[in-house]
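# Secondary and tertiary structure notes
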Amino acid sequence: MVEIFDAIKKSAVRIKWLIENEDSGYSQNINATGDTQLKLDIKTDLVIEEEFRKISSVKEIISEEKEEKTPIYEHGKYMVGYDPLDGSSLLDVNFSVGSIFGIYKGGYDGRHLVAAVYVIYGPVTQMVTAYEDVGMYKLNENNEFAFIKSLELKQSGLINATGGTHSNWSDEHKKMIEEIYSMGHRLRYSGGMVPDLHQILLKGGGLFSYPSTSDRPKGKLRMVFEVFPFAFIYEKAGGKAIDGKRRLLDLTPSHPHDTTPCFFGSEKEIETVLKYNE
Ligand code: AHM
Ligand code: MG
């Protein structure tokens, strides 16, 4: 596991440089989910692939930007599902973006997830790892990640971050969000799941949701690359992660690019979500 975390750190240093120095425009390519890829989506994906190719414990990789799994070492133990540059459409407005990694052993589902990591490229670059516990690191002037602190969610918080087009929300979701606001929450939504979930984690609690909508009944966020890693991190930090009814980590995708509605948060907020999905 240490060598996988090291490969992620090396990728992060290279990706930070690419974000700061390379062209942030669109390419001519379309990825597996139908999104037009930015040049940086493609470059960052290759950087991560290159770093994982040096690691003999990695059996194969799959990313949001790749149609198929890429075999690495036949006898490797781990499979890595990752999103190299989540929220990349926010680069033009200079918002924070991130890389998300799920480290799986034996299958790409929640039960086989053994560790999760994300890196956030903001005013500073930070990394959060969840293995035995949840730890936050900051990239220092020597390009090394220094440990800052352990992260833990409180029983409830004051932040609400909800995605999807409002006019396409269900009535239940609208009512649920109203109840969250009546509990004293404030809207904090950048449109990047890494900074939005990072903020809730750092400020101690709240709710992030990307619900089922009339235009996207199965939500937008992908299980293997985005949802499972964050569900793992949130649970390890003492929070909860559900699809509305079920624990996200109990879901099994039938395809690596499958999406699901998702709700991440502290215990009290997730109880409220459950009440509206009975
Ligand atoms: P991406 O992987 O194409 O960048 O899309 C994922 C992003 C998430 O970071 C974010 O939570 C979501 O899309 C926002 O979607 P919306 O603009 O529909 O609220
Ligand atoms: Mg993404």
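Scroll up a little and you will see the structure.
Described below are features of the structure shown in this document. Please read all numbers here as calculations on a predicted model, not as lab measurements.

Glancing now at the nonpolar core. With 42 residues, the main nonpolar core has M193, F208, F230, I233 and F264 as its most contacted residues. Residues within four places of F230 in sequence aside, it is in contact with I100, Y118, M193, V194, L197 and F264. Of all hydrophobic cores here, the second largest spans 31 residues; its members include M1, Y78, V80 and F101.

Around ligand 1, 18 residues are found, and the nearest of them are D86, G87, Y189, M193 and Y210. Taking G87, its main chain carries an N or O atom lying 2.7 Å from an oxygen atom of ligand 1. Contact between ligand 1 and Y189: an oxygen atom at 2.5 Å from a side-chain N or O atom of the residue. Of all the elements in the fold, those that place two or more residues in the shell around ligand 1 are β5 (78–86) and β13 (206–210). The residue makeup of the shell around ligand 1, split by class, is 5 nonpolar, 6 polar and 7 charged. Each of domain 1 (2–150) and domain 2 (159–275) contributes no fewer than three residues to the shell around ligand 1.

Across the sheet, 5 strands lie side by side as β12-β11-β13-β15-β14; this open sheet has mixed pairing. Of all the strands in the sheet, just β12 (186–187) and β14 (240–242) have a single pairing partner and so form its edges. Pairing analysis gives 3 bridges linking β14 to strand β15 (residues 262–265), with the strands arranged antiparallel. Looking at β15, one finds that K240 is bridged to G265.

The rules we used
- Residues numbered from 1 in each chain as written.
- Chains lettered and ligands numbered in written order.
- Predicted model: local features only at pLDDT ≥ 70, side-chain atom pairs only at ≥ 80, totals over all residues.
- Heavy atoms only, no water.
- Core = buried A, V, L, I, M, F, W, Y, C linked by side-chain atoms within 4.5 Å.
- Buried < 20%, exposed > 50% of the residue type's maximum accessible area, 1.4 Å probe, protein only.
- Contact = heavy atoms within 4.5 Å.
- Near = heavy atom within 4 Å.
- Polar contact = N/O pair within 3.5 Å; in protein donor to acceptor, adjacent residues only side chain to side chain.
- Helix = DSSP H or I, 4+ residues; strand = E, 2+ residues; numbered from the N terminus.
- Nonpolar A, V, L, I, M, F, W, Y, C, P; charged D, E, K, R; others polar.
- Domains from an automatic or database assignment.
- Pairing = 2+ DSSP bridges.

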